[in-house]
Amino acid sequence: MQIQSLFIQPHADGKTGDISEFTKHFWTFCISSTSNCVVLQDNHIKTSKYNIFTFLPINLFEQFQRVANGYFLVLLILQLIPEISSLSWFTTIVPLVLVLLVTAVKDATDDYVSSALYSFSSECSFVLHAKGKWMNVRVGDIIKLENNQFVAADILLLCSSEPYGLCYIETAELDGETNLKVRQALTVTSDLGDITKLMNFDGEVICEPPNNKLDKFTGTLYWRDNKYPLDNDNMLLRGCVLRNTEWCFGMVIFAGLQTKLMQNCGRTTFKRTSIDKLMNTLVLWIFAFLICMGVVLAIGNTVWESWIGRNFQVFLPWDESQRSAVFSGFLAFWSYIIILNTVVPISLYVSVEVLRLGHSYFINWDRKMYHSQTDTAAEARTTTLNEELGQVEFIFSDKTGTLTQNIMVFRKCSIDGRTYGDVYNEFDQKKTACVDFSFNPLCDRRFRFYDSTLVEAIKLEDPAVQEFFRLLALCHTVMPEEKSEGHLVYQAQSPDEGALVNAARNFGFVFRARTPETITLCEMGQAVTYQLLAILDFNNVRKRMSVIVRNPQGQIKLYSKGADTVIFDRLDPSSEDLMYTTSEHLSEFAGEGLRTLALAYKDLDEDDFEIWMKKLLFASTVIENREDQLGALYEEIEQGLKLLGATAIEDKLQEGVAETIACLNLADIKIWVLTGDKLETAMNIGYSCNMLRDDMNEVSSSGDTLFSVLSPPLTHPSIFSEQLRLKIIKFVVSWQAHALEPLLEHILLDVACLCKTVICCRVTPMQKAQVVELVKRHKRAITLAIGDGANDVSMIKTAHIGVGISGQEGTQAVLASDYSFAQFRYLQRLLLVHGRWSYFRMCNFLCYFFYKNFAFTLVHFWYGFFCGFSAQVRILPDLSVFLKDVDDRTSLRYPGLYKPGQQNLLFNKRLFFLCTLQGMGTSFLLFFIPYGAFSVMVKEDQQAFAVTIATSLVIVVSVQIGLDKHYWTAVNHLFIWGSVTVYFAILFAMQSNGMFGILPSNFPFVGTARSCLSEQSVWLVILLTTVVCVVPGLAVSFLRVDLFPTLTDKQSRKREGPQGQNLRRVRRTSSRRSAYAFSHQQGYGELITSGKNMRASAVSSAHSPGRTPHSSNWIENMLKRKNEVSCISDESGDRAKNRLPSSSTEPELH
């Protein structure tokens, strides 16, 4: 890896030091108040594709990737040659420049709206070496951050308001984890809180070059002739939010595009739709067909000149440049290329852009995608991908903030064999009166509970109930912050832990304060202080947490909470009956999608505890196997527990997430969840939103054992294939970096695509993009990525379509997206309504356009065999932007209507071929029916013959588009019959006395149209031509509807449809889930008991010199689910639900 930038500290003599040892692997820079340092990178981040200098060449390069634009450029060059051009070059350059200009303006607007500068515009609290704006921060600046402020650069933490240089951060935008994390400054810099000391800070940092590894940092600080190692625990990365810390100072290490977050964001790419790519291929085919027509007519010209033309040279002499019949045919070839150029119409691309622009406005104006709570409307940030929304096969979704609200709510509990509470959500409309907590002055007024019997039990001093909430108030690592009297704010390591402490607070057991030695509660209005003797911290192997306290009566108690399977294994035999009852309650809670925990306690003997405590202190100081010894001691004392009950917490999804996912699944859209969270967390959300069900068999893998995990489908394909046929496989991947290596990625993709549900855990932002790219590359399917945080930007940019949710994690995802809105549920309407309509309209427009153009252009081809006649017909474009086959309610009610877009059924090479055949047949009839009827008139009055054909053409194509309409509205009537009216107006105007008087040489046929169209025979021929051209297509359409009906045809023919599909969540029956799944690292037990996170005043009053803090490190192990329920789902009901209803609603104009 080579160095990208370099900071060099000069020597006293002005010469630079020896940097050869750093140029390969290290990044070095200095901070000094006296020396001059080379400043490299500011904090500007540009995500726009263009700037003022690169816009013209890049945009022209992109536009000329459209083959048609290149074709018209060549055509323009040909028209500059007078020997072969029968048309003025002006007729081509004006529309070409217009198309290029309109598209360039649109692209520039899209790029500008997508934010040219992707940077924080807010001011820093304090900057030592910058001008106060985040965008002006440079590498080496020392800046001050305040509580709840975003970090906009990669910063080395120097000091903070907290003891020992600690600070707390939230990294949701980096890895999707909502729990707080701890960062700590070096001891030597932790006392630099004074501005004077910071001004005198003089040091040199040598570190790794910029990279995308969010969990790793390697560097060294050289200061005062000493060197200090730096790692990720000393860094605040861009995208973090400072929490529970009044202020901190840090030094900028990486800024702008060199920050780790931006290194994960990927590059902005030019996105083109599959229809654009198909049109490029079709244009090449049409051009080849045009060449063939030119060759045929050129050969005809050569033969005619050789056999017949020689006899008329007295009257029609050759030009001076025309030396032979062969050369005449050569010139005729290029002339016909120009004359027949309308077979590749430049107006096609103008019309396509108009359609796309109209679709974008429809999305922006859709009130059903407007979120009133945040005053956020849906926004189409690009106008080039609308029809792609109707072809999506894979959706890649973030979890945190996209599917969830990051809110945990205490819903139910089981205490001493009795359940309390009622889940209140949109799925279960059972309502009970909300509990009145007015008896508790310290309650959280936002808390809601719907079972008053629990409060009555509290007031009656039920010992089991009181002990239950006492445990919740004591057994945790939450930090309280009392901003004013009675105004408590809890800073929790995980949202579920905060929800449990908040529930205890509302039921009268209020957690008020803590020191390293004590915990203070307010129990039913009385202050009670417990002595904190030990914290047996949570980790992912133990799956439980315990505290040992001494109450005011002198009793020593152990309180424990954790996963039910772990707690039940450690219960005293006296709790066996209660365990069975509680287990049934846990199954009920889990069946409702709630997250569960079991609670237990134990009375400890004083002497036994003293002996155990001595063992603990010894184990805390050993060097080898400290973790194992501590784990064994924890296991020893956590035996013989007495069960209290269980809690049930609702992990709140965003509104409508479960229904949206169910509806998209019915549309055969595969949804993959890509999250930085751990395995248990992702699976919990999967069950909550009904992506995972208990009737699915689980294929779970971690990256280092992928081959062994995938061996069942590889070694027993018949069994696995049967499970896949029944759609009962779920695939859960706990990610490792080498899971995407070429040797493994194909197996991973093949198995994942065969499964009903795929969830990828512990993925970095760059790995999210790699997964999307893997599907794009090998499945060739349209992909959509949706997220709300900066950690989703790379995925959003990589997918064919990127959707940003304007949530609580900033606006980075929105700025990088193609479409944005406020809630995940709006994705359903974006795809099934707007996407389907856009694709349907674009396909119908293209089919009609190619039919119309072949019908028009080939008339010249047929006429070329007789006299080389050419004509110009102008027809107003069909405004298909208002076309739709079913209304929005039907599109949402029957998601199966979306499937034709995924299969490219509405416009493909086959349909293009059929449209061209229909156009060729129409052109043949348009020419030869009038020719046969007026064979004499053709020889005498060719202009009248041309008027007859042109009028027939306009009427035929107008009737044809009228027959293709599914709904008739005022707009349809206006543009269809308006185009016919305008045609006649232009025709009579061009052959009027007034135009002849102005330009006699260009408009010599005065009165031809009036004279021709006044004849009844002409109108009879026009009627005959129209009927003969339209009837075959009409007959084919009727036969197709009867013999090969589409989903829309079936829906239109149904008079009465089945009842609406039930998209409600399925009640779960097992798979209890520990609420500790949201803790992604070891708890704060060591930090609390050490006192490092306590204020000095609070610690000194309660510190005991006899205490020795203990610490333990743990290795995260992936645990497989123990109980798998394998059952075969009956799909007959699903088939019944896929029937289509009648279309009895009136069409709506959007």
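Residues numbered from 1 in each chain as written. Predicted model: local features only at pLDDT ≥ 70, side-chain atom pairs only at ≥ 80, totals over all residues. Heavy atoms only, no water.

Caption draft 1: Local environment of the environment of Gly-640. The topology assignment puts Gly-640 in the loop between helix H16 (626-637) and strand E25 (642-653). Looking at Gly-640, the relative accessible area reads 29%, which means it is partly exposed. Linking Gly-640 and Ser-574, residues 66 residues apart in sequence, is a C-alpha distance of 9.1 Å. (Helix = DSSP H or I, 4+ residues; strand = E, 2+ residues; numbered from the N terminus. Buried < 20%, exposed > 50% of the residue type's maximum accessible area, 1.4 Å probe, protein only.)

Caption draft 2: The arrangement of the packing of helix H2 (residues 67-79) against helix H7 (residues 274-307) in detail. Their axes nearest at 8 Å, the elements H2 and H7 cross at an angle of 35°. The residues of H7 that touch H2, namely those facing Val-67, Ala-68 and Tyr-71, are Asn-280, Val-283, Leu-284, Phe-287 and Leu-290. Of the residues assigned to the contact of H2 with H7, the class counts are seven nonpolar, one polar and no charged. (Axes fitted to C-alpha atoms, helices over the stretch in contact; angles between N-to-C directions. Contact = heavy atoms within 4.5 Å. Nonpolar A, V, L, I, M, F, W, Y, C, P; charged D, E, K, R; others polar.)

Caption draft 3: A look at the UniProt feature "binding site: Mg(2+)" (unreviewed entry) in the protein chain. Feature annotation in UniProt places "binding site: Mg(2+)" (unreviewed entry) on Asp-398, Thr-400, Asp-788 and Asp-792, given in this structure's numbering. Look at the named residues: they lie 395 residues apart in sequence, but the longest C-alpha span between them is just 10.6 Å, so in the fold they bunch up. Its place among the elements puts Thr-400 in the loop between strand E14 (392-397) and strand E15 (404-415). You can call Thr-400 buried: its relative accessible area is 0%. By secondary structure assignment, the location of Asp-792 is in the loop between strand E30 (782-787) and helix H24 (793-798). Residues in contact with Asp-792, not counting those within four places in the same chain, are Asp-398, Lys-768 and Gly-787. (UniProt positions renumbered as here; feature names shortened; annotations may be inferred.)

Caption draft 4: Layout of helix H29 (residues 909-933). When the terminal C-alpha atoms of H29 are compared, their 36 Å separation across 25 residues agrees well with the 36 Å that a helix rising 1.5 Å per residue should span. When we look at burial in H29, the residues that qualify are Leu-911, Phe-912, Cys-915, Thr-916, Gly-919, Thr-922, Ser-923, Leu-926, Phe-927, Ile-929 and Pro-930. Residue Asn-908 occupies the N-cap position of H29, its side-chain oxygen lying 3.1 Å from the main-chain nitrogen of Arg-910. (Expected span 1.5 Å × (residues − 1). Polar contact = N/O pair within 3.5 Å; in protein donor to acceptor, adjacent residues only side chain to side chain.)

Caption draft 5: Region of the structure containing a nonpolar patch on the surface. A cluster of nonpolar side chains, contributed by Phe-287, Ile-291, Val-295, Ile-299, Val-303, Trp-304, Trp-307 and Ile-308, occupies part of the molecular surface with about 730 Å² of accessible area. On the secondary structure map, Val-295 appears in helix H7. (Patch = residues over 30% accessible without salt bridge, like charges linked within 9 Å, V, L, I, M, F, W, Y side chains within 5 Å. Areas by Shrake-Rupley, 256 points an atom, 1.4 Å probe, with all protein chains shown as cover. Salt bridge = Lys/Arg side-chain N within 4 Å of Asp/Glu carboxyl O.)

Caption draft 6: Examining the packing of aromatic side chains more closely. Evaluation of the coordinates by the stated rule reveals 29 aromatic pairs. Relative to Phe-469, the ring of Phe-468 lies with its centre 5.2 Å away and its plane at 80°, an arrangement referred to as edge-to-face. The class of Phe-468 is buried, set by a relative accessible area of 0%. For the ring pair Phe-927 and Tyr-931, a centre distance of 5.6 Å and an interplane angle of 15° mean the geometry is stacked. Of the two residues, Phe-927 and Tyr-931 both sit in helix H29, four residues apart, roughly one turn of that helix. Members of the aromatic cluster, each reached through a chain of ring pairs, are Phe-410, Phe-437, Phe-439, Phe-447, Phe-449, Phe-468, Phe-469 and Phe-507. One Lys or Arg, Lys-670, reaches over the ring of Phe-394 and ends 5.4 Å from the middle of that ring. The positively charged end of Lys-852 is found above the aromatic ring belonging to Phe-849, 4.5 Å away from the centroid. (Phe/Tyr/Trp six-rings, centres within 6.5 Å; stacked < 30°, edge-to-face > 60°. Lys NZ or Arg CZ within 6 Å of the ring centre and 35° of its normal.)

Caption draft 7: Fine view of the nonpolar core. Residues Phe-72, Val-344, Leu-348, Leu-846, Phe-850 and Phe-907 are the most contacted members of the largest nonpolar core, which totals 63 residues. No other element matches the 18 residues that helix H26 (residues 826-864) contributes to this core. Not counting the four nearest positions on each side in its chain, Leu-348 is found in contact with Met-279, Phe-845, Leu-846, Phe-849 and Phe-850. (Core = buried A, V, L, I, M, F, W, Y, C linked by side-chain atoms within 4.5 Å.)

Caption draft 8: Structural detail: the packing of H7 against helix H9 (residues 347-365). Here H7 crosses H9 at 165°, and the two axes come no closer than 13 Å. Viewed along their axes, H7 and H9 adopt a mutual orientation that is roughly antiparallel. In this structure, H7 meets H9 at a crossing whose hand is right-handed. Contact with H7, carried on its side by Asp-276, Met-279, Asn-280 and Val-283, involves Leu-348, Tyr-349, Val-352 and Arg-356 of H9 and no other residues of that element. (Parallel < 35°, antiparallel > 145°, perpendicular 65-115°, else oblique. Left-handed = near helix turned anticlockwise from the far one by under 90°.)

Caption draft 9: Quick look at unusual backbone geometry. Not every positive phi belongs to a glycine, and Asp-225 is a case in point at roughly 65°. As for its position among the elements, Asp-225 is in the loop between strand E8 (219-223) and strand E9 (226-230). The phi dihedral of Arg-780 is positive, around 50°, even though this residue is not glycine. Take Arg-780: its relative accessible area is 73%, and that puts it in the exposed class.

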